[in-house]
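Commentary on secondary and tertiary structure
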Amino acid sequence: MESLRRIAAILWKELRQLRRDRLTFAMIIGIPTIQVLLFGYAIRQDVRHLPAGIADLAHTQSSRQLRLDAAASQVVDIVKEAAGAGELEAMLEHGEIAVGIYVPPDFERRLIDGRPAAQLLIDGSDPVYGLTARALAELPVGPRRGVAAGRGAPTFELRTYYNPEARSEVNIVPALIGVILTLTMVLFTAVAIVRERERGNLELLITTPVRSIELMAGKIVPYVLIGLVQVTLILIVGAAVFQVPVRGRVVDLYLAALVFIAASLSLGLLISTAAKTQFQSVQMTVFFFLPSLLLSGFMFPFVSMPAPARFVGELLPLTHFVRIVRGIVLRGAPLGDLSGEIWPLLAFFASSLTLAILRFRKRLD
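Residues numbered from 1 in each chain as written. Predicted model: local features only at pLDDT ≥ 70, side-chain atom pairs only at ≥ 80, totals over all residues. Heavy atoms only, no water.

Attention shifts here to the pattern of salt bridges. Enumeration according to the criterion identifies 11 salt bridges in this entry. Asp113 is the salt-bridge partner of Arg109, the closest N and O atoms lying 3.8 Å from each other. Here Asp113 and Arg109 lie together in helix H5 (residues 107-113), a separation of four residues that amounts to about one turn. For the salt bridge of Arg323 with Glu341, the shortest nitrogen-to-oxygen distance reads 3.3 Å. Highlighted residues: Arg323 in helix H14 (residues 317-329) and Glu341 in helix H15 (residues 339-359), separated in sequence by 18 residues. (Salt bridge = Lys/Arg side-chain N within 4 Å of Asp/Glu carboxyl O. Helix = DSSP H or I, 4+ residues; strand = E, 2+ residues; numbered from the N terminus.)

Written out as structure tokens, the structure is:
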């Protein structure tokens, strides 16, 4: 009985501590809630409405009907017009579209002869795009309407770019650079200021002429170098073990990684100024990392998510870096063509660092 009373006393103490620790209590409630909402509402495997471009060189009634039928299938949404196959390929390279529809000038003759009458140009950097776009291959049009499935040639000839073998590692490994950097960079700096406070080193810093912004810079720079080392290791392992090609300029990749590392480190510093203990820093890092992992397009197709989930995803640095790294590594796109993804990272870095500097004071409280 005495032992049970002692256990009950410890149990009561732990429950009271949890009640006082609001962050831990929020994690207990928040993480399961977020996971249920994300997997039940935001995460979808049935991809529809892929952004598509079309180059119609036939300009006939059948080619216009093909366009209408493709849009009606809900597999693609035609958002771009192109003058030819070369322009469609450029749109694929820049990430403007996931599927290109090329209708040649002899479209009508091909329909009558029973040959593939048009081409689907597919961005294979995400294998899900290819699997979804293939649903259009048998789309009947013109003289082929009413023909039983499986008879005759398909309407489209498929051309898959960047990853024709649909190897999942080609899609996953480059994006892993952003996932690993998000976890390590945010976590390293999230405990930086808190660790100084817990070890008593902050008292020494208070007595020095070091300003807040200088302290922040001193905390960030070593981890920038560590982040670049991690990028190099992932690229080497990806190329040597998984045969992942690097089609773009390596210098562009490192420049983009520098911006992303800076954004991640500034967020870690902001967390460090808000947390009271290293354990709280880790909790807040996990709380940020979970939606980043699920809503960035790393694990699940971004285009299949509902609008509210895509809005949240656009606020996350990992979403933009995943697009950048896949664009450079897999599609060979120059960094200048991906500048629309760089500006959100710079804005995130500037706002997070400013808030961290404003929140940090060289005081023991």
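Picking up after the structure, the text goes on.
Below, the discussion takes up the layout of surface pockets. One number sums up the size of the largest pocket: a volume of about 470 Å³. In this structure, the largest pocket is lined by 24 residues; those nearest its centre are Gly95, Asp123, Tyr129, Arg323 and Arg331. The element contributing the most residues to the lining of the largest pocket is H14, with four residues. Taken together, the residues of the lining of the largest pocket break down into 10 nonpolar, seven polar and seven charged. (1 Å grid on protein atoms, 1.4 Å probe; cavity = no way out; pocket = protein on both sides within 12 Å on 5 of 7 lines; lining within 4 Å. Points joined across faces, edges and corners; volume = space filled by probe spheres on them. Nonpolar A, V, L, I, M, F, W, Y, C, P; charged D, E, K, R; others polar.)

What follows deals with the environment of Phe289. Checked against the element boundaries, Phe289 lands in helix H12 (residues 278-295). On a C-alpha basis, the gap between Phe289 and Leu318 in space is 9.5 Å, while along the polypeptide they are 29 residues apart. Here Phe289 is in contact with Val179, Thr182 and Leu183, once residues within four sequence places are set aside. (Contact = heavy atoms within 4.5 Å.)

Okay, the packing of aromatic side chains next. For the structure shown, the criterion picks out three aromatic pairs. Taken together, a centroid distance of 4.4 Å and an interplanar angle of 10° make the contact between Phe260 and Phe321 stacked. Within this pair, whereas Phe260 is found in helix H11 (residues 250-274), its partner Phe321 is found in helix H14, the two being separated by 61 residues in sequence. Like Phe321, Phe260 is buried. Taking NZ or CZ as reference, Arg323 lies 4.8 Å from the ring centre of Phe302, over its face. (Phe/Tyr/Trp six-rings, centres within 6.5 Å; stacked < 30°, edge-to-face > 60°. Buried < 20%, exposed > 50% of the residue type's maximum accessible area, 1.4 Å probe, protein only. Lys NZ or Arg CZ within 6 Å of the ring centre and 35° of its normal.)

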